[in-house]
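This is what each chain is made of:
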Amino acid sequence: MSDSQSHTTAQAEPRMQVSDEVAIEIRNMHKWFGEFHVLKNINLKVHKGERIVVCGPSGSGKSTLIRCINRLEQHQKGDIFVSGVELTDDIKNIAEIRREVGMVFQHFNLFPHLTVLDNCTLAPIWVRKLPKREAEEAAMKYLERVRIPEQAHKFPGQLSGGQQQRVAIARSLCMNPEIMLFDEPTSALDPEMISEVLDTMVALAESGMTMICVTHEMGFARKVANRVIFMDGGEIIEENDPETFFNDPQNERTQLFLSQILQH
Amino acid sequence: MAVDSAERAKLGSSLWTDQRFRGLLFQALTIGVAGTFLAFIISNTASNLAARGIASGFGFLSIQAGYELDNTLIPFGPTDSHGRAFVVGLLNTLLVSAVGVVIATVVGFILGVLRLTPNWLLSKAVYWYVEIVRNVPLLLQIYFWYSVMIALPQVRNAVDLGIGVFISNRGLQAPAPILEPGFSIVPLALLAAIVGAIALVRWARKRQAATGQVFPVFRVNLALILLLPVIAYLAAGRPLGFEIPVLGNFGFRGGFTVTPEFVALLLALSFYTAAFIAEIVRAGILAISHGQTEAALALGLKPRWTMRLIIIPQALRVIVPPLTSQYLNLTKNSSLGVAIGYAELVATLSGITLNQTGQAVECIALTMAVYLTISLSISFVMNLYNRRIALVER
Amino acid sequence: MVMSESQVPQDDGSTYAPGQHPDLPPPPGTVGLIGWLRGNLFSGPINTVATLVTLVLLYLVIVPIANWAVVDSVVTGEDRRVCDLGRTSALIGENARAFDPEHYALDPGAEGLTARQAARVRVEQMAARSLFLGSPSLLGVFLDRYAQTEQAGLVPDSLLPVMEQVRPAELAPQLAEAVETDNVPAALEIYDELMPLAAWGDSYDGACWVVIKQRFTLFMVGFYDRDQLWRPLVAFLGLLIAVPPLLFAGMPQRPRALWFSAAYPFVAYWLLTGVELAHGPLRLLLGLLVLLAAVAPFAWSGLTARSRLLVFSYLAPVLAVALFFAFGPEPLVGFEQARIATEVTPQMAEVNSRLTVGQNIALPTGPVDQIFSGRLYLLGLALSPLWWMIFGALFLWGLRAVLRQVAGQAGEAEWRAARPAVVAAALLSAMILFAGNQISQDTLSLSVVGTDKWGGLLATMVTGLVGITASLPIGILLALGRRSRLPVVRALSVAFIETVRGVPLITILFMSSVMLPLFLPEGMNFDKFLRALIGVALFASAYMAEVVRGGLQAIPKGQYEAADALGLTYWKNMRLVVLPQALKIVIPGIVNTFIGLFKDTTLLGIIGILDLLQVAKSTNSDSNWIGFFQETYIFVGAIFFVFCFTMSRYSIYLEKKLETGHGRR
């Protein structure tokens, strides 16, 4: 399968280090919602340190695809390997993978009854079994990285949307994940808050994190992605380096999509 | 017609259109109407009472009541006063409410959780059970359970459950515990176990904060609280005897009796309220968005901990206020015991005492005052709680 | 690279162009019946166990209930004889099976038994003994009952061959002898011979629906006059027409149907009580119309022909007084007159054909009662000179304003200043009409059926519907009062709402039944049913007020401000802007309050009104029907369930509808 793909990767000019180690491999994966064939024969290999942007019209299956990677959705056919571990019904495998994969949601999903700091330390304490002090120190480090350490003792309800999304990123980072999944992290935000979240994500990309990002922020894609994947109707229609993808789209549907989204 | 400036000035100066004056007038009128109405009622009542030769006041509470009551927590005989009958009624109301609240909560939570299981059949079965119990009047359920109790075998054919417990149409006859000297060690052990459990929780929390290790507090505590009193009991040489009821010619002798009225009222109240609690619990858990669960799972939390750390703390905020109002409803509904002759507050004070003394105003006012006190004090506590747990928002 | 020209490989080796992958059917076993079963019933070991346990439990619950309620039930006959026959035969079998000869042979006095063992042995021996000794008389009871049933010609066909086979009449003396001689083996043999009879009894041992059949009318209408049953029936059918337009916004012809709904209460009142509209509700309606016509020109300044209407407004009080005398003074609806008995004289009988000479009838007494009854109406008015003074002053002041207005001399401001006086005068005049509202025995086309005869479902539904209808407006007023900026109004509303919500309904009903008579002037009393209705309505309105308040709080402050900015007055703001939105939000809550109210109507039984539940209860204590409490309670429970469940589904339907309507705000 990966003829085309390795070709692509080789062609892309690596702005940041991409290792040969495979982080995620998806082979001939299918998924149905009832009778509806939502993901069709998905093949994808993500190397460590790669930053992939997935775009496509709504309902094309992009979110479902990345939700399959940490088993929030279950695939019915094909294989998914994350850091060499296969995703099966085995709860041990699932727990292992979820520990390694961080996820940021469109609607933040912060826990409203816990302070920002508690949101960040919850999983390290209960999953990684870290002492509280250590967990808090690590959390403060990441909160500083997303530039909101001063909000640590507030509740999520007291923060703006952009701040909440940055807390959500910090919360995921506190688990020291190897891979980060972003499910439309800026679509629920007011325009003036989008850039603060994107800045955080760019900084994260520069640190070498493996990222898969479902987003319509094409500027972000150009800037950090080393591959852009276009999905439609549950299929990967086209995948390419951002230069080629934006300047010379191959597939008709990609062209149409880009013309619609880049009109303004 | 053109309104000239003079007209306009006049328009503005009218007393009728002055907002403050209108407000005052309206309030004065309200007071006047309400006051007149009240005065009308009071004067009528006074003259009616005078015509019937009834003196007002609460003196009747110290008069000898001259009736007997079953189901009493404190001894009550024909020579006791109406005041004591009132206390008997109040205690009975509190008893059936307290036991009912416990049963209703346990059953309600179980039903509510079963409603949410992914098992379609189980969830549907519970749905229909809850809908049937919720949509049939409570009084009917009380009557039904009471008829069931009355239709049980007569005392001489009482069903023997084998452990000294007999069931008959006169209720449940169970062995009465007799405390022998040295028994006090058992409650002391229980107390010690509870204190130990609290200490353990604190220790476990500290240890987790320091080392990250999770200690199975719940299981250990459960064992501690259950086992320690048992061990103490055995160690003290089983200082507890039972008075087994014996079937004589005129019913049971010895043991203690749970009357059919109490059982019927308790069952009806508990199951009726449990059905409402089930809905509250279900709605409370459903109110927590699916995103919360997903976020917790994505962080690697196990489903059990997701429930304990994320869902339950948030769901409780939604559940507790309506739950309290169900508890209040249960307490108020316990007044329906009057329909089957359970000697609760309404039956004693607004029933027999009222009929004997004719002090309708005092009896009903006192009854209402008791319920109001209970309701308002619980509402007050609830408001404090709500203020404490309210989610901090911008 | 060029993706569009490349082909994507599949795991089976074939390839396809990107974007051309066909929609495949899902893997087998994930959709359809099997997929559904897998997903919902057998998705894991725990789930499978849960499914199986539930199935077993349902089997254990539903099968006996179905057997009892349907398969083994009895619906034939006019009384309990067939049911009893079945139950007795079944009992013969049960006792025979329960009889344990070994227990019978036990000796509680035997040596070597501890006190506890002895007690147990005694109990077991006593049980076996009473079964053994009781068996001949049980068979005797069966034979008696059979003879009675045979006499009535009600013996079920299925019993005849069994009787042929078993011949219990011949077995009875043998059994009696066996018992008398303590011959256990012989008795056991006879028990065996009786088994076919017991088997027949088991199939007739279910519910005895005859009790419902026989008392159906009582369950439906209580003691309502049996020759007038068409009236509640028609009223009920009318209800079926009157209610749907209120509930479903999308109904065809709804505006026209709503007219019927509006008229329905009056029609139903007339039908059920038999009190003629011309004397009861119609007069109320007439008073209302006069009032409306009198007030309208003041409320809407844009009305056409306003000045002419204004003249009418000032004639209205005069008209009201004239109407009052034209109809004649009669007692107020809902008030029972205090009665002084008097014997009907020939003269009285001559005037009123319904009276017979020598009959004892009642006369009203007491000045207040006389005022309300209208007999001494003029005296009543004369007794309150203050009332006359206020009335006269207002009348004159208003008249002057009206005349000047008509003459074109008065300005708008003067006119506005006089407005309250005019409205007050109109109100007072309407009161005259209302006070004269009456029941007259003389001119009736339908016979009067007193509320003391109402019962069963009729009483339950009337209470429920009146409570619902009355509690909504009172509840709205209380909710507005609670949010009023006038402290007195707010305090009174809060006090009322919290007091009523803090006490059980039963105390309120006791209050209305015991204390209300004390509150009224001596010699005046309400109808008992009306008293209960008042209690229920007040109770429900406190709860309704809280529901409505929830809706009012949910309306954003901007709505109030926008309405204020448009220059709407408080009442216009409430009526046109706030309440329509607030009520729409809380309709599900209102329906839930209705459900609670409907279930609470059962409490009327405790204060002595024969509602649906009380019919069941009285049936169960009726010596003719003792022992069938399951049947009656299940029947009544089913009726309540159908009503309440339907209402709760309706509330869910509305909630869903509202969600889609306002979901995107």
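This text follows the structure it describes.
Structure report, in brief. (Residues numbered from 1 in each chain as written. Chains lettered and ligands numbered in written order. Predicted model: local features only at pLDDT ≥ 70, side-chain atom pairs only at ≥ 80, totals over all residues. Heavy atoms only, no water.)

Moving on, we get to the overall build of chain C. Per the secondary structure count, chain C includes 28 helices and 6 strands. Buried residues in chain C amount to 44% of all 665 residues. Once local pairs closer than 6 in sequence are excluded, the contacts in chain C between residues at least 24 apart make up 73%. For chain C, the accessible surface area stands at approximately 33,600 Å², while carbon and sulfur atoms represent 65% of it. (Helix = DSSP H or I, 4+ residues; strand = E, 2+ residues; numbered from the N terminus. Buried < 20%, exposed > 50% of the residue type's maximum accessible area, 1.4 Å probe, protein only. Contact = heavy atoms within 4.5 Å. Areas by Shrake-Rupley, 256 points an atom, 1.4 Å probe, with all protein chains shown as cover.)

Throughout this description, disulfide means a covalent bond between two cysteine sulfur atoms. Going through the model one piece at a time under the given rule, you end up with 1 disulfide over all chains. Put simply, C83(C) and C208(C) are joined by a disulfide, and their sulfur atoms are 1.9 Å apart. Its S-S torsion of about 70° marks the bond between C83(C) and C208(C) as right-handed, since a negative value means left-handed. In this pair, C83(C) sits in helix 3 (residues 81-98) while C208(C) sits in the loop between helix 8 (184-202) and helix 9 (210-214), placing the two residues 125 residues apart along the sequence. Judged by relative accessible area, which is 1%, C83(C) ranks as buried. This cysteine, C120(A), is not joined by any disulfide, and C174(A) carries the nearest cysteine sulfur, 4.5 Å off. Looking at C120(A), the relative accessible area reads 0%, which means it is buried. (Disulfide = S-S within 2.5 Å.)

To continue, consider the interface of chain B and chain C. Listed by partner, the interface residues are 66 residues for chain B and 65 residues for chain C. Both sides of the chain B and chain C interface together cover about 5,600 Å² of buried area, and 73% of this is carbon and sulfur. Where chain B meets chain C, there are 0 salt bridges. The tally of links from chain B across to chain C stands at 14 residue pairs in polar contact (both at pLDDT 80 or more). (Buried area = accessible area lost by both parts, 1.4 Å probe. Salt bridge = Lys/Arg side-chain N within 4 Å of Asp/Glu carboxyl O. Polar contact = N/O pair within 3.5 Å; in protein donor to acceptor, adjacent residues only side chain to side chain.)

This part takes up the environment of L44(A). Residues and elements named next belong to chain A. Counting through the fold element by element, L44 comes out in strand 2 (residues 36-47). Note on L44: relative accessible area 1%, which makes it buried. Sequence separation between L44 and V116 is 72 residues, and the spatial gap between their C-alpha atoms is 35 Å.

A surface patch of nonpolar side chains, about 920 Å² in accessible area, is lined by V49(C), V53(C), V56(C), L57(C), Y59(C), L60(C), V61(C), I62(C), V63(C) and I65(C). Considering the arrangement of structural elements, one finds I65(C) in helix 2 (residues 45-71). (Patch = residues over 30% accessible without salt bridge, like charges linked within 9 Å, V, L, I, M, F, W, Y side chains within 5 Å.)

Ranked by internal contacts, the top residues of the largest apolar core, which has 227 residues, are I24(A), I26(A), L159(C), L197(C), F219(C), L552(C) and V636(C). Residue contributions to this core peak at 13 residues, all from helix 8 (residues 260-286) of chain B. Residues in contact with L197(C), not counting those within four places in the same chain, are S89(C), I92(C), F142(C), L159(C), V162(C), M163(C) and V166(C). V53(A), L110(A), C174(A) and C213(A) belong to the second-largest nonpolar core, a separate cluster that totals 47 residues. (Core = buried A, V, L, I, M, F, W, Y, C linked by side-chain atoms within 4.5 Å.)

A word on the packing of helix 11 (residues 345-357) of chain B against helix 23 (residues 505-519) of chain C. The geometry of helix 11 of chain B relative to helix 23 of chain C is characterised by a closest axis approach of 11 Å and an angle of 15° between their N-to-C directions. Taken together, helix 11 of chain B and helix 23 of chain C sit at an angle that is classed as roughly parallel. The way helix 11 of chain B lies across helix 23 of chain C gives a crossing that is left-handed. Residues V346(B), S350(B) and L354(B) of helix 11 of chain B form the contact with helix 23 of chain C, whose own contacting residues are I506(C), T507(C), F510(C) and V514(C). Residues that form the contact of helix 11 of chain B with helix 23 of chain C fall into these classes: 5 nonpolar, 2 polar and no charged. (Axes fitted to C-alpha atoms, helices over the stretch in contact; angles between N-to-C directions. Parallel < 35°, antiparallel > 145°, perpendicular 65-115°, else oblique. Left-handed = near helix turned anticlockwise from the far one by under 90°. Nonpolar A, V, L, I, M, F, W, Y, C, P; charged D, E, K, R; others polar.)

Going through the model one piece at a time under the given rule, you end up with 26 salt bridges over all chains. One salt bridge in this structure joins E131(B) and R134(B), with 3.9 Å as the shortest N-O distance. Residue E131(B) and its partner R134(B) are both found in helix 4 (residues 120-134); the two are separated by 3 residues, about one turn of the helix. Residue E131(B) is classed as buried on the basis of its relative accessible area, which comes to 6%. We classify R134(B) as buried; its relative accessible area is 17%. Members of the salt-bridge network, linked through shared partners, are R482(C), E498(C), E546(C) and R549(C).

Residue and element names in this part refer to chain A. Two numbers describe how helix 6 (residues 161-173) lies on helix 7 (residues 191-206): the axes approach to 8 Å, and their chain directions differ by 20°. When the interaxial angle is binned, helix 6 and helix 7 end up roughly parallel. Considering how the two elements wind past one another, helix 6 and helix 7 form a crossing that is right-handed. Residue-level inspection shows G161, G162, Q163, Q165, R166, I169 and L173 of helix 6 in contact with helix 7, the latter providing M193, E196, V197, T200, M201 and L204.

What follows deals with the sheet that holds strand 1 (residues 159-160) of chain B. Strand pairs in the sheet, formed through backbone hydrogen bonds, run parallel or antiparallel to each other. Spatially, 4 strands are ordered 1-2-3-8 (chain B) in an open sheet, and the strand pairing comes out antiparallel. Each edge of the sheet is formed by a strand with only one pairing partner; in this case those strands are strand 1 and strand 8 (256-258) of chain B. (Pairing = 2+ DSSP bridges.)

Moving on to the packing of aromatic side chains. Applying the stated rule across the entire model yields 33 aromatic pairs over all chains. Between F144(B) and Y633(C), the aromatic rings sit 6.4 Å apart at their centres with planes inclined by 65°, giving edge-to-face as the arrangement. One end of the pair, F144(B), is in helix 5 (residues 138-150); the other, Y633(C), is in helix 28 (residues 629-662), on a second chain. You can call Y633(C) buried: its relative accessible area is 3%. Taken together through their ring pairs, the aromatic side chains of Y143(B), F144(B), W145(B), F271(B), F629(C) and Y633(C) make up a single cluster. Above the ring of Y127(B), the side-chain terminus of K124(B) is found at 5.2 Å from the ring centroid. Above the face of the W305(B) ring, K302(B) is positioned so that its terminal group lies 5.1 Å from the ring centre. (Phe/Tyr/Trp six-rings, centres within 6.5 Å; stacked < 30°, edge-to-face > 60°. Lys NZ or Arg CZ within 6 Å of the ring centre and 35° of its normal.)

We now examine unusual backbone geometry. Of note in this structure, N41(A) is not a glycine but carries a positive phi near 45°. When you line up the elements, N41(A) lands in strand 2.

All names here are of chain A. The 4 strands lie next to each other as 2-1-4-5, forming an open sheet whose pairing is antiparallel. Looking at strand neighbours, the two that pair on one side only are strand 2 and strand 5 (85-86), the edges of this open sheet. Across the face of the sheet, helix 2 (residues 62-69) comes into contact with strand 1 (22-33), strand 2 and strand 4 (77-82) while running at roughly 120° to strand 1.

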